Amino acid sequence: MKIRLLPVGFLPVACALLMTGLVQGHAATARTVHAVASFTVLADVVRQVGGTYVAVTSLVPPDGDPHEFEPSPADAGKLQQADVIFLSGEGLETWFVRLSRAAGYHGTPVIVSNGVPLHEMVEDGHDVTDPHVWNSVPNVEIWTRNIRDALIRVDPQDAEAFRANADAYLVRLHDLDHYIRDRIATVPADRRRVLTGHDAFGYFGREYGVTLMAPQGLSTETEASAADVAALIRQIRTLGVSTYFMENAADPRLVQQVATATGARPGGTLYVEALSPPGGPAADYISMIHHDVDLMVQAMQAAH
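Residues numbered from 1 in each chain as written. Predicted model: local features only at pLDDT ≥ 70, side-chain atom pairs only at ≥ 80, totals over all residues. Heavy atoms only, no water.

1. Section: the pattern of salt bridges
This model, assessed by the stated rule, comprises 8 salt bridges. Taking the shortest distance from any N to any O, the salt bridge between R98 and E70 comes out at 3.5 Å. Taken as a pair, R98 in helix α4 (residues 96-103) and E70 in the loop between β2 (54-58) and α3 (73-81) lie far apart in primary sequence, 28 residues in all. Since its relative accessible area comes to 44%, R98 is described here as partly exposed. The partner of R148 in a salt bridge is D149, and the shortest N-O contact between them spans 2.9 Å. By sharing partners, the salt bridges in this structure join D177, R181 and E207 into a single network. (Salt bridge = Lys/Arg side-chain N within 4 Å of Asp/Glu carboxyl O. Helix = DSSP H or I, 4+ residues; strand = E, 2+ residues; numbered from the N terminus. Buried < 20%, exposed > 50% of the residue type's maximum accessible area, 1.4 Å probe, protein only.)

2. A look at helix α6 (residues 159-184)
A rise of 1.5 Å per residue sets the reference length of α6, with its 26 residues, at 38 Å; its end C-alpha atoms lie 37 Å apart and thus fit the reference within 8%. Regarding α6, the residues found buried are A159, F162, A166, Y169, L170, L173, L176, D177, I180 and I184. (Expected span 1.5 Å × (residues − 1).)

3. Focus: the sheet that holds strand β3 (residues 84-87)
Ordered in space as β2-β1-β3-β4, the 4 strands form an open sheet in which the pairing is parallel. Edge positions in the sheet fall to β2 and β4 (110-111), since each of these pairs with one other strand and no more. The sheet contact formed by strand β1 (residues 33-37) and β3 spans 3 bridges and is parallel. Residue A37 lies in a different strand from β3, and its bridge partner there is F86. On the sheet, helix α2 (residues 40-50) packs against β1, β2 and β3 and is oriented at approximately 175° with respect to β2. (Pairing = 2+ DSSP bridges. Contact = heavy atoms within 4.5 Å. Axes fitted to C-alpha atoms, helices over the stretch in contact; angles between N-to-C directions.)

4. With respect to the confidence of the model for the protein
Taken residue by residue, the protein gives an average pLDDT of 84. The fraction at 70 or more is 79%. When the criterion is pLDDT under 50, residues 1-29 qualifies, and its contacts beyond four places in sequence or with other chains add up to 2 contacts. Segment residues 216-220 is flagged for pLDDT under 50; beyond a separation of four residues in sequence, or across chains, it makes 28 contacts in the model. (pLDDT = per-residue confidence, 0-100.)

5. Description of α4
Taken together, the buried positions of α4 are F96, L99, S100 and A103. Buried residues along α4 cover an arc of 95° about the axis, so they all sit on one side. Exposed and oriented more than 90 degrees from the buried face of α4 are R101 and A102. Buried residues along α4 sit in contact with α3 and β3. (Arc of directions from axis to C-beta.)

6. Details of the packing of α6 against helix α10 (residues 285-302)
Where α6 meets α10, the axes come as close as 10 Å, and the angle between the chain directions of the two elements is 5°. The angle between α6 and α10 places the two elements in the roughly parallel class. For the pair α6 and α10, the contacting residues are Y169, R172, L173, L176, Y179, I180, R183 and I184 in the first and Y285, I286, I289, H290, V293, D294, V297, M300 and Q301 in the second. Looking at the contact of α6 with α10, its residues break down into 12 nonpolar, 2 polar and 3 charged. (Parallel < 35°, antiparallel > 145°, perpendicular 65-115°, else oblique. Nonpolar A, V, L, I, M, F, W, Y, C, P; charged D, E, K, R; others polar.)

7. Remarks on the environment of A164
Summarising the element assignment, A164 is placed in helix α6. Of the residues examined, A164 reaches a relative accessible area of 44% and is grouped as partly exposed.

Here is the structure:
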């Protein structure tokens, strides 16, 4: 029997080809999860947890108002193509029912705010729930865990990656929470007051000991009464609030009216419910909170 000798160099090449085939085979079976999130802040957190395994689309665009969002036929198509849909919940996305009907979507979206200690308040004589949970960092830690668990259910093959990404992001959120507390601590307690456009910072105020005042209610769709605006003006004059902030996704006219009546000066733009476009000062959640806290602290420190 003749033994055929392989050419020199054949074995390494054969092994390389075999490994390439294995890698390509794995790549062919790897799955990209198509996720839809209701608005940009939530979409960013989903991206942080999903990493390279998840393609995330935000329905509300950067600088868009999640209260007054009007879905388009293209948005219905996004729902039809989604493997998983993420909402914040607690009354924020009132338009989602209309959109899901238009899309023929019969699934169950993931409500990432499940488990968050809710902030209840009275508005126009009615008990209401504040939907702006993400303005307290510990609440976004709850979001992160809920998102991780939802992605694992959709794509268990990549569970370890989702767990690792979530753990790494939770460390960053923990550091962010400490940063906020350290910055707020530089402001005397009697100066921790901020005037904004609408009641979107209730969770922030409760968590970090800041009083937030606004002429408009929880939703930018609500109308402030003349009596409410007059009462707010009196309160601001009494407390000596000297700076007001506009919001990137809200109409500034009402807060400017209050500022004119009280002599408050502009302190800049806060990013409350929407991220900025890429390259802006609030292109992701952590940058957004850093930006807002730095502006507020600067204004509160200058108050007298």
